[in-house]
Amino acid sequence: MSSSPFLPLPPGLEIVSVETVDDLLKVQVASTKERAFCPLCHCPSERRHSHYTRVVADRPCADFRVQLILHVRKFFCETVDCSRKIFTERLPAFVEPWARVTVRLRQALEAVGIATCGEVGTRLAQRLALPTSPTTLLRRIMALPTDAVGSVKQLGIDDFALRRGRNYGTVLVDLVRHRVIDLLPDRKAEPAKVWMQAHPEIDLVSRDRGGDYASAASQGAPQAAQSADRFHLVKNLTEAVQKALVHCRAELQREPKRAEPVDPPAGEESALSSVTSDGQAYSAHQAERYERYQQVMALHEQGMKTKEIAKRVGLGVRTIQRWLTQGEYVETNYHHQHRSRFDAYEAYVMRRWDEGCHNMQLMRDKLRKVNPPAKPPRPFGVAPDGYNAALDLSHTALRAESEGERYTGVLHRPTLAFALRV
Ligand SMILES: [Zn+2]
């Protein structure tokens, strides 16, 4: 039997016999080629030296695992000046030298691994009668050759953790093809600079807002424009919005209650009516903290453990333990109304905005000249480059637009009032 539709073999190989052992097909296969080619000098030889057997796994056949016992031969190399005197015949299109699986089985495992991952791929492969392990799948994927980098017009660069908190590398992405094109072993500026110098065709570098990659791009690709990538822009915007809103938390919570006044239950102390020991109303921060205290006590009474409470309310375990030990709420020993540095410049910014100046950077520069702050150089007090100040205001405005009704009661805050107008 030269071959079988159920188990196709390349020319030069013949099935000698088939034996079934449980779910395994043991197939004896013999090589029938008259000659073989020396792997060094590539000259043919018909002079046989000996033969031996190789056992390799093949793709399954009708849910049977397949094991091939290959009977192959060794030949003498008859080229006089060839250093290889004896060689084994090669079957490169079917089984690679030293391999224990056929090429087609390896390709099947690679396809499963690429489509899934180590653990899931192993479970899927098991159902397809392709027994393997997660480690093997990952090793085969990592052994795949990478594509050539080619021409890169728009480059994305960022770091990634090989081991979080310890080792970091750099990932380089072609933003046109949306593909990872290279990895660097660290996140320092020098390797990234060298990499970019080898690609003078780069027009745009999208990076984080740190200094290393900015420096690498400036030196390695001075012809390219640089921009902050979307992830870091959104991250900065989120932090700016949170920073702007956290100081208004109490006011935001108070507003719906103004619209629909509800009498607090008798005997229950409300955070909004709380005053400090010196008779002043709680600041936003104090009100928020007292609200969390009440939440902690309620969860504790429900039998929740300290760690779970800390996780639920976003406080440290020690704070929770201290509150539970004290038995009563101890107010924080400060009382202050949060003030943004923006407040001092509200009138000027409002006027300039109405006059048509919507450029935050320009407004900041003029603000420095017209009314230099006592402690320069950050009139908005958000970021050294003033960029976050604009993001702070504009994004607060976006949030305000979607939650406009909730903001109506806190318009006395200059930052939010301005943000709403923006
Ligand atoms: Zn040779």
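Position numbers for residues start from 1 in each chain and track the written sequence from start to end. Residue-level local features of this predicted model are given only where pLDDT is at least 70; pairs of side-chain atoms are given and counted only at 80 or more, and the full residue set underlies all totals for whole chains, interfaces and linings. Water and hydrogen atoms play no part in the side-chain values, which are based on all heavy atoms of the structure.

Peer 1: How do you make sense of the side chain of Asp-174 when you look at a structure like this?
Peer 2: Mapped onto the elements of the fold, Asp-174 is located in strand S9 (residues 167-174). Distance and chemistry together define a polar contact, namely a pair of N or O atoms within 3.5 Å, with one atom able to donate a hydrogen and the other to accept it when in protein, and with adjacent residues in sequence counting only for side-chain atoms on both sides. Reaching out from Asp-174, the side chain makes a polar contact with the backbone nitrogen of Val-176 at a distance of 2.9 Å. At 3.0 Å, the side chain of Asp-174 and the side chain of Arg-177 are in polar contact. Contact between two residues is taken to exist if any of their heavy atoms lie within 4.5 Å; hydrogens are not considered. Contact partners of Asp-174, with chain neighbours within four places excluded, come to Ser-151, Val-152, Gln-154, Arg-179 and Ile-181. Starting at the N terminus, helices and strands are each numbered in turn, a helix being any DSSP run of H or I of at least four residues and a strand any DSSP run of E of at least two.

Peer 1: Looking at this model, I keep getting lost on the coordination of the zinc ion. Mind explaining?
Peer 2: Think of it this way: four donors in a tetrahedron around the metal ideally sit 109.5 degrees apart, and six in an octahedron ideally sit 90 or 180 degrees apart. For Na, K and Ca the donor cut-off is 3.2 Å, while for other metals it is 2.8 Å, and in both cases only N, O and S atoms qualify; water is not among them, so sites may look incomplete. Every protein donor of the zinc ion is accounted for by Cys-38 (SG), Cys-41 (SG), Cys-77 (SG) and Cys-82 (SG), and the metal-donor separations fall at 2.3 to 2.4 Å. Coordination at the zinc ion is tetrahedral, judged from the 4 donor atoms that bind it and the angles of 98 to 116° they form at the metal. Every donor residue of the zinc ion comes from the same chain, spaced as C-x2-C-x35-C-x4-C. The classification of residues rests on relative accessible area computed with a 1.4 Å probe and restricted to protein chains. Under 20% of the type maximum is buried, over 50% is exposed, and intermediate values are partly exposed. We classify Cys-38 as buried; its relative accessible area is 1%. The partly exposed category is assigned to Cys-41, whose relative accessible area is 24%. Think of it this way: with four donors and all angles in the 85 to 135 degree range, the site is tetrahedral; with four or six donors, opposite ones beyond 155 degrees and the rest between 65 and 115, it is square planar or octahedral; otherwise it is irregular.

Peer 1: Explain the nonpolar core here, please?
Peer 2: Soluble, globular proteins show a tendency: their nonpolar side chains are buried together. Within the largest apolar cluster, 18 residues are counted, with the highest numbers of intra-cluster contacts made by Leu-155, Trp-195 and Met-196. Contributing elements (two or more residues each) for this core: strand S8 (154-163), strand S10 (179-184), helix H4 (189-197) and helix H5 (211-220). Looking at this core element by element, the count peaks at 4 residues for H4. In contact with Met-196, not counting residues within four places along its chain, are Leu-155, Ile-157, Ile-202, Val-205, Ala-216, Ala-217, Gly-220 and Ala-221. Definition of nonpolar core: a set of buried residues of the types Ala, Val, Leu, Ile, Met, Phe, Trp, Tyr and Cys, connected through side-chain atoms within 4.5 Å. Leu-7, Leu-13, Cys-61 and Phe-94 belong to the second largest nonpolar core, which has 17 residues in total.

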